[in-house]
Each structure stands twice: as structure tokens, then as C-alpha cells.
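Topology and contacts: notes
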Amino acid sequence: MTQPTRHNRNRLRDLVRAHYDLQDMRLRFEGRVNAASPTTLDGQAKKSPRPALHPDDVKLFDKWQGGLESFEEEALAVIKGELKHDPVWKGFLEGIPGVGPTMGAVLLGGGFNIELEDTPSKMISYAGLAPGQKRVRGQKTNYNPWMRTKIAGVMADCILKACVRKVVQDKPEWRRIEYPWMDGPRWVKSYARAYFDYRNRKESMRVECMACDGTGEAKAEDLDPAVAEPSWEARFQASSNDLDPATPELSVEDPAPRKRRGTPGKTKASKATKKCTNCDGTAVGPWGRSDAHRHRAAVRYFVKLLLIDFWRFWRAAEGLPVRDTYAVEKLGHAPHSGRPLYDVG
Ligand SMILES: [Zn+2]
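Scanning the protein chain from N- to C-terminus turns up eleven helices and five strands. By residue count, 28% of the 345 residues in the protein chain fall in the buried class. Across the protein chain, the fraction of contacts at a sequence separation of at least 24, relative to all contacts at a separation of at least 6, is 65%.

Taking 1.5 Å of rise per residue, 27 residues should cover 39 Å, and helix H10 (residues 291-317) covers 39 Å from first to last C-alpha, within 8% of that figure. Of all 27 residues in H10, 20 are buried, a share of seventy percent or more. Phi turns positive one or two residues past the end of H10, at Gly319, with a value near 75 degrees.

The phi dihedral of Ser190 is positive, around 55 degrees, even though this residue is not glycine. As for its position among the elements, Ser190 is in the loop between strand E3 (186-188) and helix H7 (192-204). The class of Ser190 is buried, set by 25 C-beta atoms lying within 10 Å. Residues other than glycine seldom take positive phi values, yet Ala283 does so here, at roughly 75 degrees. Tracing the backbone shows Ala283 in the loop between helix H9 (232-238) and strand E5 (284-285). Residue Ala283 is classed as partly exposed on the basis of its 16 C-beta neighbours within 10 Å.

Once that is clear, we can look at the nonpolar core. Within the largest apolar cluster, 51 residues are counted, with the highest numbers of intra-cluster contacts made by Ile159, Tyr191, Ala192, Tyr195, Phe302, Val303 and Leu307. No other element matches the twelve residues that H10 contributes to this core. Within the second largest apolar cluster, six residues are counted, among which are Cys209, Ala211, Cys212 and Ala218.

Read from one edge of the open sheet, three strands run E1-E3-E2, paired in antiparallel fashion. What marks the edges here is a single partner per strand, and that holds for strand E1 (164-165) and strand E2 (175-177). H7 contacts E1, E2 and E3 of the sheet and is inclined by roughly 125 degrees relative to E3.

What follows deals with the environment of Arg296. By the secondary structure assignment, Arg296 is in helix H10. Once the C-alpha coordinates of Arg296 and Gly153 are considered, the two residues, 143 residues apart in sequence, prove to be 9.5 Å apart.

So, about helix H2 (residues 55-83). Counted at 1.5 Å a residue, the expected span for H2 with its 29 residues is 42 Å, and the 42 Å between its end C-alpha atoms agrees. Restricting attention to buried positions, one finds in H2 the residues Glu72, Ala75, Ile79, Glu82 and Leu83.

For Lys304, the position within the fold is in helix H10. Measuring from C-alpha to C-alpha, the distance between Lys304 and Ile124 comes to 6.8 Å, with 180 residues separating the pair along the chain. Setting aside anything within four residues of it in sequence, one finds Lys304 in contact with Ile124 and Leu129.

So, on to the packing of H7 against H10. Contact geometry for H7 and H10: axes closest at 8 Å, N-to-C directions at 140 degrees. Put simply, H7 runs oblique to H10. Crossing hand, H7 versus H10: right-handed. When H7 is examined against H10, the residues Ala194, Tyr195, Tyr198, Arg199, Lys202 and Glu203 are found in contact with a partner set consisting of Arg294, Ala297, Ala298, Val299, Tyr301, Phe302 and Leu305. In the contact of H7 with H10, the residues fall into nine nonpolar, no polar and four charged.

This part takes up the environment of Cys279. Within the secondary structure layout, Cys279 lies in the loop between H9 and E5. Here the alpha-carbon distance between Cys279 and Met210, two residues 69 residues apart in the chain, equals 8.9 Å. Apart from the residues lying within four places of it in its own chain, the contact partners of Cys279 are Cys209, Ala211, Cys212, Gly216, Val284 and Gly285.

This part covers the confidence of the model for the protein chain. The share of residues in the protein chain with pLDDT of 70 or more is 76%, and the mean pLDDT across the chain is 80. At the low end of the mean pLDDT range in the protein chain sits H9, at 51; at the high end sits H7, at 95. Segment residues 237-260: pLDDT under 50, and 36 contacts once partners within four positions in sequence are set aside and those in other chains are kept. Below pLDDT 50 for its whole length, residues 335-345 participates in 17 contacts with residues either more than four positions away or in separate chains.

Reading the values: the criteria
Residues numbered from 1 in each chain as written. Predicted model: local features only at pLDDT ≥ 70, side-chain atom pairs only at ≥ 80, totals over all residues. Helix = DSSP H or I, 4+ residues; strand = E, 2+ residues; numbered from the N terminus. Buried ≥ 20, exposed ≤ 12 C-beta atoms within 10 Å, placed from the backbone. Contact = placed C-beta atoms within 7 Å. Expected span 1.5 Å × (residues − 1). Core = buried A, V, L, I, M, F, W, Y, C linked by C-beta atoms within 7 Å. Pairing = 2+ DSSP bridges. Axes fitted to C-alpha atoms, helices over the stretch in contact; angles between N-to-C directions. Parallel < 35°, antiparallel > 145°, perpendicular 65-115°, else oblique. Left-handed = near helix turned anticlockwise from the far one by under 90°. Nonpolar A, V, L, I, M, F, W, Y, C, P; charged D, E, K, R; others polar. pLDDT = per-residue confidence, 0-100.

What follows is the structure in C-alpha cells.
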């Protein structure tokens, strides 16, 4: 396989940006068409519809939308063609379930600089995933927020979707897990194993409750359903039922009822003494403030492991020096035989 050149990487960067520009325009255009439609997306009549589009304009809009979709598809096809020649895509990324060509192009052409990033921690910092990196209002970020969203949001969801199943997989790469905090057994493979291992370590800890600071009482802001985060189970179930035809797919808009640790259904009158749901009023609970908090921490953990493997593979493919012991040295992990978690080749 040919060595990727700077030209290939620059081309990939331009292609992936063009692809997202086209996608962005297509989505905005769809929003405009939907706003002009007399019905909602699920076919219900709108309460106060705007005057309907002229039939000629409907035809024109359909044509434009089709054009935008075909441009976007064409850009993706060209990206796939470029990736075919890329040893890092062929040798590492392509084999990770849930990582498609668009995400491959983001990782390889989205902004990482493998020559300058001579340690995995520099790559992790660029993606905004180092400890303490978060957006502060009014301050310039010291990372690429676009990359962070793509990696910790889009890519992590896609990998969990592809690597977690509810039904038995009779294949050696799938491992069955069942932890007390889960709503049933799961079959996992690849980097999803690291997600669950980490998540279970946090769930099994018993520390002074971080949600109520050891008071056992829910804080006022936690009681407001308007600010409640969607449960990780809802998102998780929405993405892991695809091999289980008996279970209808849940959408993000229609999440499953959240399983709370505390007493559900208290009225407003008892608000002042409502138990903390994280520790069930005992003041001692698992690490983290909520299920969603533990989910996000586990996601950051497993995508960092993936980035370390990616960094190592990419550096080696470019003939650049690679430090093997980063995870053990810097992250304090015990070396374990399963790494890289995804067995390459
Ligand atoms: Zn608590």
C-alpha cells in the first residue's frame, strides 16, 4: 500500500469540510421546506399552518432538495475513494464497528496533526478530551470543539450502537456482561467493552454522594424536570434494539421512563424534603452525580483509549516514533493483555 502524502491528507480535509458544508445546507434547506409544509414531520396537521406552497414551487423545492442530497452523496463517494488508499483507514479505522468513512475522514483530515502531536495526550487535548477541558463562556477554547463533538458525541454513539447488543451473539468477539445497575444482560465487543468496564467501576464505588454533597436531599435545581438530562438508558436502548425485533425502537424524542434510584412521583408539597435520586437519600452513592454523568465519563474514557490506539497506529504508519507505554505512564492504567482493544489485522 502506498504511503499517504501530505497531498492526500489535505485533499481529505477539504473533502470532509465540503461534505459537511453540503450536509449543513441540505439540513437547513429541509428545515425550510418543513416550515413551509402544512403538516408536521409525522403527518399531523399543524395548528396554525402558513399559507401552502404553490404546487409549482413544491416541485422546484423537491428538485433542489434532490440535488443537494446527490451532491452530499457524491462527496461521500469521493471520500470513500480517497480512503481506499489510506493505510490508517484500511489497517485500523475501517475495522472498528461503528466508524464509517465520514468519521474516518474526520479523524484523518479533520484537524489532527500527527507530525506535531508527538504524544497521545496532545491529540487528546486537541480533541478537548483532556481532564478539565471545557467551554467557558466568553473565553476562547484551547481545543477544537467541532472535533470534540464529532468524537465524543457522534462517533461514541455510533460505536456503542454497533458494539452493544441485547441478544446473544454466538461469536467469540462478543462478551456477555450483566451488572446490577443495568436493566438486563448485554453482549458487547470492541471498545464498548472499555465503556462498560469503566462504567461498572464507577457504579460500584461507594463515596459521599456527589449529587447532594452527602446531605441525602435533592437540590432544588435537580427537581426541575425542564433541566433534567435524558437518561443514558433511553439513548442506549434506542441504539441497541436493532437485533431484537420484539422490542420497538425508541427514539430520542420518546425516551423510555427513567429508572430512578429514589422514590418516584412525590408531589410539589414534599419538594423541600425530596430524597436525592443519586443515593436514594442515604448520602452515600456511586461515583458521579447521575447516570448521565457516569455515562459521559465512560464515553470520554473509551474514546480516549481509541484515540491512543489510533495515534499509535497512525504514527507508526507515517514512520514516526511511537511511545508504547503512554496509557500506563500517564493514565495510571495497569497494562492489560487485551490492548489494543480492537485487535488490528
Ligand atoms: Zn445524594
